[in-house]
Amino acid sequence: MIKPSMLGSLRSAVSRGSSHLARRGYSSDSTPERKVVVLGAAGGIGQPLSLLMKLNPLVSSLSLYDIAGTPGVAADVSHVNTRSEVVGYQGEGELGKALEGADVVIIPAGVPRKPGMTRDDLFNINAGIVKSLCTAISKYCPKALVNMISNPVNSTVPIAAEVFKKAGTYDEKRLFGVTTLDVVRAKTFYAGKAKVPVAEVNVPVVGGHAGITILPLFSQATPQANLDHDVIVALTKRTQDGGTEVVEAKAGKGSATLSMAYAGALFADACLKGLNGVPDVVECSFVQSNVTELPFFASKVRLGKNGVEEVLGLGSLSDFEKEGLEKLKPELLSSIEKGIKFANQ
Ligand SMILES: NC(=O)c1ccc[n+]([C@@H]2O[C@H](COP(=O)([O-])OP(=O)(O)OC[C@H]3O[C@@H](n4cnc5c(N)ncnc54)[C@H](O)[C@@H]3O)[C@@H](O)[C@H]2O)c1
Ligand SMILES: O=C(O)C[C@H](O)C(=O)O
């Protein structure tokens, strides 16, 4: 039986909870209306990502778009008793309505890898999908922040930039390649080896999002741990091959979906906090950049009311990381150029 004293403590726990949420940018009274769109919402990433965005109190309107299957996903997710209104849109004819008024558009639309494939092997199909979705974004919600998940990210982000440039809507502050899963993996793997609580771990991951272009900076990891060089080498390799580890374990049934949904939800939440004026929101992302000579590069980015507020530098690197940085540049540049060429042909 519930006693009145128990209700009292429950009420104060809830109020403690809401002031905690308010400090973190989740105040219910002052939280602005925010529309988030998921393109590819019926897919392996799209479904759990839609659920996680439904759980986010910063979202007031959740728009779920796919070429098929979205009415069911939207009906399902809409029964979750949280703030946002959910609407499902299906097929190209409904894409405009899905996008109108968006603050953040998350794009996990496109085919995933099978064992033996590289992310670049997805280019032929996914480049066209991304090009047509970004054309619609430039028409229906040119001011939205775009979170690109579709692979190969090293090429799909430059494709998006070129599409927006052609439409006259490009704003480099609003386009992001989502590399959060690399950070999530680096944190998990580092915590395991360093024997530190994973929730306290931070590891920047820079470069791009494919194989050796993924460069975790374990020399900057916190809490610090004196790991041997061969352990750092192994951790680096495991982070770079994290996607392949999942593709092989799924044995033909796709690539990372659940951990990606988590990572995508984290990054979208950071974008929303930035839009809402929460200070010091910093995440790694693949963005237009002057950090190296490459036109796009992943590094820490400070998020704000207009998207990218500041692209942060690399900090000091170990010799091993400096070597990794030089090695990744030719591959990353060629993926960027491939995307630019495709968008302009
Ligand atoms: N950035 C990352 O870290 C990361 C991590 C994991 C996966 N990915 C990539 O995300 C993409 C999606 O992976 P998945 O496992 O969800 O694949 P999936 O096949 O399960 O889902 C993709 C969804 O996209 C939809 N789609 C296809 N064409 C579309 C279009 N024109 N408009 C809207 N939707 C469309 C499909 O109908 C499907 O529902 C892949 O390219 C994968 O490589 C990226
Ligand atoms: O590995 C893939 O193909 C999917 C994704 O890019 C990942 O890192 O898990």
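Given the structure is predicted, the values throughout are model-derived calculations rather than measurements.

Novice: Pulling in residues and values, what's your account of the UniProt feature "domain: Lactate/malate dehydrogenase N-terminal" (unreviewed entry) in the protein chain?
Specialist: Here, the residues flagged by UniProt with the feature "domain: Lactate/malate dehydrogenase N-terminal" (unreviewed entry) are residues 35–177. The straight-line gap between the two end C-alpha atoms of residues 35–177 is 20 Å; of that span, 39% is helix and 20% is strand.

Novice: Which residues make up helix 7 (residues 180–194), and what values do they have?
Specialist: Its 15 residues give helix 7 an end-to-end C-alpha distance of 21 Å, which sits within 8% of 21 Å, the value for a rise of 1.5 Å per residue. A large share of helix 7 lies buried, amounting to 11 of its 15 residues. Regarding helix 7, the residues found buried are Thr 180, Leu 181, Asp 182, Val 183, Val 184, Arg 185, Ala 186, Phe 189, Tyr 190, Ala 191 and Ala 194. Where helix 7 is buried, its residues meet strand 7 (205–207), strand 8 (214–216), helix 8 (229–240), helix 9 (242–250), helix 10 (258–275) and strand 9 (281–288). Note on helix 7: the residue one or two positions beyond its end, Lys 195, has a positive phi of about 55°.

Novice: I'd like a description of the site of ligand 1, backed by residues and values.
Specialist: Taken together, 28 residues sit near ligand 1, with Gly 44, Ile 45, Asp 66, Val 111 and Asn 151 positioned nearest. The side chain of Asn 126 places a nitrogen or oxygen atom 3.1 Å from an oxygen atom of ligand 1. Protein chains shield 85% of the accessible area of ligand 1, which is 860 Å² for the free molecule. No other element matches helix 5 (residues 123–140), which puts three residues into the shell around ligand 1. Taken together, the residues of the shell around ligand 1 sort by class into 17 nonpolar, 10 polar and one charged.

Novice: Can you explain a nonpolar patch on the surface? Please cite residues and give values.
Specialist: A cluster of nonpolar residues, Leu 51, Leu 52, Leu 55, Tyr 262 and Leu 266, forms a patch on the protein surface that exposes about 410 Å² of accessible area. Those elements that place two or more of their residues in the nonpolar patch are helix 2 (46–54) and helix 10. Relative to the helices and strands, Leu 266 is located in helix 10.

Novice: Outline helix 10, supporting the account with residue identities and numerical values.
Specialist: Every α-helix winds through 3.6 residues per turn, so residues three or four apart in the chain are directed the same way. Here helix 10 contains 18 residues, and its C-alpha end-to-end distance of 26 Å stays within 8% of the 26 Å for a straight helix at 1.5 Å per residue. The element helix 10 is largely enclosed, with a buried count of 14 among its 18 residues. Among the residues trailing helix 10, Gly 277 stands out with phi positive, at a value near 85°.

Novice: Outline the nonpolar core, listing residues and values.
Specialist: Counting 47 residues, the largest nonpolar core has Leu 39, Leu 99, Val 105, Ile 107 and Ile 137 as the members making the most contacts within it. Listed by contribution, the elements that provide at least two residues to this core are strand 1 (35–39), helix 4 (95–99), strand 4 (104–107), helix 5, strand 5 (145–148), helix 6 (153–167), strand 10 (296–304) and helix 11 (319–344). Residue contacts for Ile 107: discarding those within four places in its chain leaves Leu 39, Leu 133, Cys 134, Ile 137, Val 146, Asn 147, Met 148, Ile 149 and Ser 150.

Novice: Account for the packing of helix 2 against helix 3 (residues 70–78), naming residues and giving values.
Specialist: At a minimum axis distance of 10 Å, the contact between helix 2 and helix 3 shows a crossing angle of 35°. Handedness of the helix 2/helix 3 crossing: right-handed. The segment helix 2 lies against helix 3, with Gln 47, Ser 50, Leu 51 and Lys 54 engaging Val 73, Val 77 and Ser 78. Class assignment for the residues of the contact of helix 2 with helix 3 results in three nonpolar, three polar and one charged.

Criteria and cut-off values
- Residues numbered from 1 in each chain as written.
- Chains lettered and ligands numbered in written order.
- Predicted model: local features only at pLDDT ≥ 70, side-chain atom pairs only at ≥ 80, totals over all residues.
- Heavy atoms only, no water.
- UniProt positions renumbered as here; feature names shortened; annotations may be inferred.
- Helix = DSSP H or I, 4+ residues; strand = E, 2+ residues; numbered from the N terminus.
- Expected span 1.5 Å × (residues − 1).
- Buried < 20%, exposed > 50% of the residue type's maximum accessible area, 1.4 Å probe, protein only.
- Contact = heavy atoms within 4.5 Å.
- Near = heavy atom within 4 Å.
- Polar contact = N/O pair within 3.5 Å; in protein donor to acceptor, adjacent residues only side chain to side chain.
- Areas by Shrake-Rupley, 256 points an atom, 1.4 Å probe, with all protein chains shown as cover.
- Nonpolar A, V, L, I, M, F, W, Y, C, P; charged D, E, K, R; others polar.
- Patch = residues over 30% accessible without salt bridge, like charges linked within 9 Å, V, L, I, M, F, W, Y side chains within 5 Å.
- Salt bridge = Lys/Arg side-chain N within 4 Å of Asp/Glu carboxyl O.
- Core = buried A, V, L, I, M, F, W, Y, C linked by side-chain atoms within 4.5 Å.
- Axes fitted to C-alpha atoms, helices over the stretch in contact; angles between N-to-C directions.
- Left-handed = near helix turned anticlockwise from the far one by under 90°.

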